[in-house]
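Each chain is listed here by its residues.
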Amino acid sequence: MTNIVVLVKQVPDTYSERKLAAGDNTLDREAADAVLDEINERAIEEALVIKEANEGEVTVVCVGPDRANDAIRKALSMGADKAVHVSDEALHGADILQTSKVLAKAVGTVEGVDLIIAGNEASDGRGGAVPAVLAELLGLPQLTHARKVTVEGGTVKVERETADEGITHLEASLPALISVNEKINEPRYPSFKGIMAAKKKPVEKLTAADLGLDGEVGLANAASTVLESAPKPPREAGQRVDDEGDGGVKVAEYLASQKLI
Amino acid sequence: MIDFRLDEEYEALRKTVEDFARSEVAPVIGEFYERAEFPYQLVAKMGQMGLFGLPFPESVGGMGGDYFALCLALEELARVDSSVAITLEAGVSLGAMPLYRFGNEEQRQRWLPRLCSGAGLGAFGLTEPGGGSDAGATRTTAKIVDGEWVINGSKAFITNSGTEITELVTVTAVTGEKPNGHKEISAIIVPAGTPGFTVAPKYSKVGWNASDTRELAFADCRVPAENLLGERGRGYAQFLSILDEGRVAIAAVSVGLAQGCIDECLRYVGERETFGNKIGSYQAIQFKIADMEARTHTARLAYYQAAAKMLRGEPFKKEAAIAKLVASNAAMDNSREATQIFGGYGFMNEFPVGRFYRDAKILEVGEGTSEVQRMLISRELGVGA
Ligand SMILES: Cc1cc2nc3c(=O)[nH]c(=O)nc-3n(C[C@H](O)[C@H](O)[C@H](O)COP(=O)(O)OP(=O)(O)OC[C@H]3O[C@@H](n4cnc5c(N)ncnc54)[C@H](O)[C@@H]3O)c2cc1C
């Protein structure tokens, strides 16, 4: 029996143009199609695989505006059992620390949690700190950047992979928190049966006040503020190398000049 | 009042298949098409998603959806590629549906769970080398000898009939003569690999190159008497009803292709420049795209409405014929305009619109030609009766 909480976030579709809102430099959620973040689909898939092997229950926890309900429905149609959705206008502009606090409280409403699974970083903010902050707040061991996860009895083992350190092996006793990277698995697509079943699964809606966080959260209380933003400059034309017998050398020289080799 | 908004679960399904087509099909299908190779891995993934079981109840391994859900999935697949769409269409509406509609409980339980899961494919053999539109002209025969059907004859252009995962072909055959002198036509299930049943090599086709189409030959092919599907002598009526439904599905495939042409053009006209301007700034191009959109929109409404009547259990023969007629027209016209908008690149196989152009033609022919649709529509209106 493994009771699992998966953190899910709705993000702008990476296929559409993403931008910040003109007024307060927060994410312009209206500008792009909103989808369940792909890394969260992988987190859900991992939870479902663990559940299918060990039994248990998968609860998704989401902090986000009302329309994040679509992302929650997708998670439920993939096979998660129930959801907790924290939605509150007061949370607009919440930073990483606040979001983690809200998540900690929301996870606290779920009983008997053995394992929390998150994506290693969301595709919109790309802060990548929430899993670690949340683990600290909850006093749980954190096994982040997992590309492989095994749960056996009361232990979780993880192959952690980062660009700097390569692969390391971590192990912790449950309860624990893990975050997964893109290599962890290929998420399943929801079936129509799953979509129909999701309609009947419970989604508990909570506000900041319900979690006792009234007045502590939101843009006004954020520890970081975005002062300015600019669109990324258009791509410059590349440098062309004509191969007159010395093409390889020229390419190598170019790469060396860019300190790439 | 009338409302064509999709219910929440239909929209979720549509989005799921849209995502699948964009992420899994689009990146790889061009190469399968080029090599005229059947995309087994994609079909397996479609099976895992439950697409082959969409309109069937869970009691036979299905997803508990309906025919409209199937149509939505077909439209989204065909937006990206018609070969995979037709593999699903033929697998479900021609392969599995006759077994579900006309099979007895034993036949359903024997065949449907595997067909619904996509692990196996079914095919439907009606057309013969000598003719398709006049399906009553069937020459293939089946006679009972020692408690077995002995089948002789041939079938032409049969989709899904020769893949490694094909499990059966339901064929129509003349099984006798009716009291009024007409042919008695029945449908018989022939499992793949039955001695006397041979499948010819793949045709070289103009389009649908990543789908499987074969000619079939039956030489003293013997199957058990209980492989009769439905009532003896009802074969003709049975496939007419299967084809009515299939037309709505082909309309959905056609709308998908027509929409795919628009998707591609919207991207391209914002990038391609001539005479110092994006080609999308020219009215000649804008009007082409406006016409493409108008055709696609009306064709979509036509198939939605035909499907709605079908699901309500009302007669929908005329609506299905209209949907297929206008949608296949839209697909053909849009693919011609799209290749024109792409200029020389439209003639290159590396761009999807060239593939759409090649794939569109068959939509005016398969599951009843446009002439046949017009015959059905005018007959429903009582013209010439
Ligand atoms: C890729 C592909 C896949 C196919 N898959 C299948 C399958 O899975 N199962 C299956 O059974 N069949 C399948 N078919 C066959 C298809 O359904 C037939 O090709 C179609 O019904 C037309 O039949 P035909 O080719 O014999 O044309 P014909 O019937 O010979 O018609 C020739 C022309 O005459 C016109 N015509 C015929 N009669 C009349 C009339 N009375 N008045 C005016 N015009 C008329 C037709 O519209 C057509 O333009 C497939 C075909 C293709 C190309």
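The rules behind each value
- Residues numbered from 1 in each chain as written.
- Chains lettered and ligands numbered in written order.
- Predicted model: local features only at pLDDT ≥ 70, side-chain atom pairs only at ≥ 80, totals over all residues.
- Helix = DSSP H or I, 4+ residues; strand = E, 2+ residues; numbered from the N terminus.
- Buried ≥ 20, exposed ≤ 12 C-beta atoms within 10 Å, placed from the backbone.
- Contact = placed C-beta atoms within 7 Å.
- Near = placed C-beta within 6 Å.
- Domains from an automatic or database assignment.
- Pairing = 2+ DSSP bridges.
- Axes fitted to C-alpha atoms, helices over the stretch in contact; angles between N-to-C directions.
- Parallel < 35°, antiparallel > 145°, perpendicular 65-115°, else oblique.
- Left-handed = near helix turned anticlockwise from the far one by under 90°.
- Nonpolar A, V, L, I, M, F, W, Y, C, P; charged D, E, K, R; others polar.

What about the overall build of chain A?
Okay, step 1: Helix and strand counts for chain A stand at 6 helices and 11 strands.
Okay, step 2: With the C-alpha coordinates of chain A rotated into their principal frame, the extents come out at 70 × 45 × 40 Å.
Okay, step 3: Looking at the 261 residues of chain A, the share that counts as buried comes to 38%.
Okay, step 4: The contacts in chain A between residues at least 6 apart in sequence include a share of 70% that link residues at least 24 apart.

Here we look at the site of the ligand
All names here are of chain B.
Okay, step 1: Not every one of the 23 residues close to the ligand is listed here, only the nearest: Leu126, Gly132, Ser133, Thr369 and Glu371.
Okay, step 2: Only helix H4 (82-102), strand S1 (121-125), strand S3 (148-159) and helix H10 (370-380) provide two or more residues apiece to the shell around the ligand.
Okay, step 3: If you count residues domain by domain, the shell around the ligand takes at least three from each of domain 2 (123-234) and domain 3 (237-380).

Details of the pairing of strand S8 (residues 155-162) of chain A
All names here are of chain A.
Okay, step 1: Bridge count for strand S7 (residues 142-152) against S8 is 6 bridges, and the pairing is antiparallel. Bridging from a neighbouring strand, valine 149 pairs with valine 158 of S8.
Okay, step 2: Turn length for the S7-S8 hairpin, with the two strands adjacent in sequence and antiparallel, is 2 residues, and the turn residue glycine 153 shows positive phi of about 55°.
Okay, step 3: Of the strand pairs in this sheet, S8 and strand S9 (residues 166-173) are connected by 8 bridges, and their pairing is antiparallel. Directly across from valine 156, in S9, lies its bridge partner alanine 172.
Okay, step 4: Hairpin geometry of S8 and S9 is characterised by an intervening segment of 3 residues between the two adjacent antiparallel strands.

Re helix H2 (residues 69-78) of chain A
Okay, step 1: Counting buried residues along H2(A), 8 of its 10 residues qualify, which places the element largely inside the surrounding structure.
Okay, step 2: Those residues of H2(A) not exposed but buried are Ala71(A), Ile72(A), Arg73(A), Lys74(A), Ala75(A), Leu76(A), Ser77(A) and Met78(A).

Re the packing of helix H8 (residues 317-341) of chain B against helix H9 (residues 352-360) of chain B
All names here are of chain B.
Okay, step 1: Across the interface, H8 lies against H9 with an axial gap of 9 Å and an inter-helix angle of 150°. Between H8 and H9, the angle falls in the class roughly antiparallel. Crossing of H8 over H9 shows left-handed handedness. Mapping the contact onto sequence places Ala331, Met332, Ser335, Arg336, Ala338 and Thr339 in H8 and Val353, Gly354, Phe356, Tyr357 and Ala360 in H9.
Okay, step 2: Of the residues in the contact of H8 with H9, the class split is 7 nonpolar, 3 polar and 1 charged.

Some remarks on unusual backbone geometry
Okay, step 1: The residue after Leu174(A), namely Pro175(A), is reached through a cis peptide bond having omega 0°.
Okay, step 2: With respect to the helices, strands and loops of the structure, Pro175(A) is situated in the loop between S9 and strand S10 (176-180).
Okay, step 3: The phi dihedral of Ala36(B) is positive, around 50°, even though this residue is not glycine.
Okay, step 4: Checked against the element boundaries, Ala36(B) lands in the loop between helix H1 (8-34) and helix H2 (40-48).

Some words on the domain arrangement of chain B
Residues and elements named next belong to chain B.
Okay, step 1: With domains assigned, chain B is organised as domain 1 (8-121), domain 2 (123-234) and domain 3 (237-380).
Okay, step 2: Put simply, the middle of domain 1 and the middle of domain 2, counted by C-alpha atoms, are 23 Å apart.
Okay, step 3: On the domain 2 side, the residues contacting the 25 residues of domain 1 number 19 residues.
Okay, step 4: Of all elements in the fold, only H1, H4 and helix H5 (105-117) reach the threshold of two or more residues within the side of domain 1 that touches domain 2.
Okay, step 5: Broken down by element, the residue count for the side of domain 1 that touches domain 2 peaks at 11 residues, all from H4.
Okay, step 6: Along the lines of polarity and charge, the residues of the side of domain 1 that touches domain 2 split into 15 nonpolar, 8 polar and 2 charged.

Describing the interface of chain B and chain A
Okay, step 1: Of the residues lining the interface, 12 residues belong to chain B; the matching set on chain A comes to 10 residues.
Okay, step 2: Of all the elements, H1(B) adds the most residues to the side of chain B that touches chain A, at 5 residues.
Okay, step 3: Each residue belonging to the side of chain B that touches chain A can be placed in one class, and the counts come to 7 nonpolar, 4 polar and 1 charged.

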